[in-house]
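Per-entry structural report
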Amino acid sequence: MGGTQIERAGDYQGLAQARLDPLVWRYLQDGDQGGNEERLKQIVLLPRPLVDCRAGHTRLSLLGQTLSHPLLLAPMAYQQLFHEHGEIATAMAASAQDAVMVISSLAGQPIEDIVRVVEEEGGPAPWFQLYWQQGRARTLELLKRAEQAGCHAIVFTVDAPIKLATMQLPAHVRAVNLEPPLPLPLSPDAGTRGASLVFQGWMAQAPTWDDLRWLREQTSLPLLLKGVLHAGDAELAISSGVDGLIVSNHGGRVLGGAVHSLDALSAVSAHVAGRVPVLFDSGVRDGRDAYVALAKGATAVLLGRPLMWGLAASGAMGVAHVVRLLRDELEMTMALTGCVNLDEVRSGRGLA
Ligand code: FNR
């Protein structure tokens with residue numbers, strides 16, 4: 001396990017930094033993580049002793065899958081930046097920990113290979129994260145490829161039409177599932193006199209609510225929208241037919257000074273009122289954070305950067321250990337607040 005002193009997922013952070021090229025480290029850490037993290041830590045919990053927890057468990061049923069715990073692996077691009085085995089290592093770790101991996105559109109290894117590893121290792125079927133491919137035809141092609149590979153659900157990420165956190169990729173890392181690559185910078189109009197690189201460039205190739213309704217028609221797989229922070233947007237998404245929402249500010253990587261993820265979760269989950277599952281990410285660093293998100297209405301929680309700290313430090317073992325640590329901490333927090341299942345956590349009985 002690369003070291004014996006690792007007691008928390010955060011312990012992998014320093015190990016990862018020591019191993020990674022400073023530019024890769026900067027790419028991974030880019031964005032405002034602190035605000036999301038602090039907000040989660042501010043929530044006060046209430047110990048509830050003497051509850052018989054011997055039948056306790058963290059099982060849930062989510063969009064047709066029965067899962068042994070509510071921790072998923074967030075989609076993260078170009079994982080070979082962090083370890084030579086990249087997404088394959090993450091897939092092995094996810095399977096070993098009985099966790100759903102969400103495969104990024106920007107994965108560095110073929111979707112089919114990643115899914116096959118999960119099948120061989122007996123993990124829950126992975127989901128696929130879809131980025132809009134500048135238009136409907138190419139987006140549909142990618143969607144169908146993920147379906148055919150055996151992905152269980154589609155996560156349509158819409159919060160990053162403009163990508164600030166980018167880096168020059170080394171030669172061995174590329175988005176192999178998006179070949180041939182799309183031209184950048186975007187539309188031919190951009191850069192011509194009077195045209196805006198943002199409005200006529202990036203945004204001319206970004207999806208709209210119409211495209212979401214179109215996408216809904218293209219697949220019978222569960223469809224989740226990732227990057228929803230506003231109750232009104234959640235409502236529009238539900239009326240567009242999505243099966244689930246992911247409240248996320250992309251780990252603070254897109255819009256500076258954006259609402260903290262937990263504040264958005266409270267607003268969105270109150271508004272949605274159980275009509276569809278509301279998943280959560282951005283700032284979860286330990287099992288207590290995951291507990292807080294569940295208590296504030298999340299159905300399940302996606303882990304982000306801590307997985308890549310584990311991957312950089314110890315490959316598949318590191319990723320698996322991070323998931324395991326968070327799961328153990330979640331269970332400890334449940335036991336200490338007298339919650340024997342996730343419904344009890346979600347009832348808020350452990351909130352002060
Ligand atoms: C991401 N995220 C992301 N999201 C997505 O939908 N597709 C992607 O390809 C990526 N790639 C990616 C790369 C890196 C290096 C980071 C840090 C993040 C966002 C990710 O899924 C998740 O929303 C955040 O990582 C959650 O925040 P924390 O927990 O990392 O702070």
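To keep things clear, this report deals only with the structure shown in the data block. (Residues numbered from 1 in each chain as written. Predicted model: local features only at pLDDT ≥ 70, side-chain atom pairs only at ≥ 80, totals over all residues. Heavy atoms only, no water.)

**Section: the packing of helix α5 (residues 111–121) against helix α6 (residues 136–149)**
Where α5 contacts α6, the axes come no closer than 9 Å and their chain directions differ by 25 degrees. Accordingly, the angle class assigned to the pair α5 and α6 is roughly parallel. In the crossing of α5 with α6, the sense of the turn from one axis to the other is right-handed. When α5 is examined against α6, the residues I111, E112, V115 and E119 are found in contact with a partner set consisting of L142, R145, A146 and A149. (Axes fitted to C-alpha atoms, helices over the stretch in contact; angles between N-to-C directions. Helix = DSSP H or I, 4+ residues; strand = E, 2+ residues; numbered from the N terminus. Parallel < 35°, antiparallel > 145°, perpendicular 65-115°, else oblique. Left-handed = near helix turned anticlockwise from the far one by under 90°. Contact = heavy atoms within 4.5 Å.)

**A word on the pattern of salt bridges**
One side chain can pair with another of opposite charge once the charged atoms of both are near each other. The final tally for this structure, using the stated rule, is 16 salt bridges. Here R8 and D286 are joined by a salt bridge, their closest N and O atoms 2.9 Å apart. Residue R8 is found in the segment before α1 (11–19), and its partner D286 is found in the loop between β9 (278–280) and α11 (287–295); the two are separated by 278 residues along the sequence. You can call R8 partly exposed: its relative accessible area is 42%. We classify D286 as buried; its relative accessible area is 7%. Between D328 and R324 there is a salt bridge; the shortest N-O distance is 2.9 Å. Taken together, the positions of D328 and R324, both in helix α12 (residues 305–336) and 4 residues apart, correspond to about one turn of that helix. Residue class for D328 comes out partly exposed when judged on its relative accessible area of 28%. Here the salt bridges do not stand alone but share partners, grouping R8, K41, D286 and D289 into one network. (Salt bridge = Lys/Arg side-chain N within 4 Å of Asp/Glu carboxyl O. Buried < 20%, exposed > 50% of the residue type's maximum accessible area, 1.4 Å probe, protein only.)

**Let's talk about the side chain of Q65**
For Q65, the position within the fold is in strand β2 (residues 65–67). The buried category is assigned to Q65, whose relative accessible area is 8%. Of note is the side chain of Q65, whose polar atom sits 2.9 Å from the backbone oxygen of A125. Ignoring any residue separated from it by four or fewer positions in sequence, one finds Q65 in contact with L60, V100, P124, A125, W127 and H152. (Polar contact = N/O pair within 3.5 Å; in protein donor to acceptor, adjacent residues only side chain to side chain.)

All we've got here are geometric facts, nothing functional implied.
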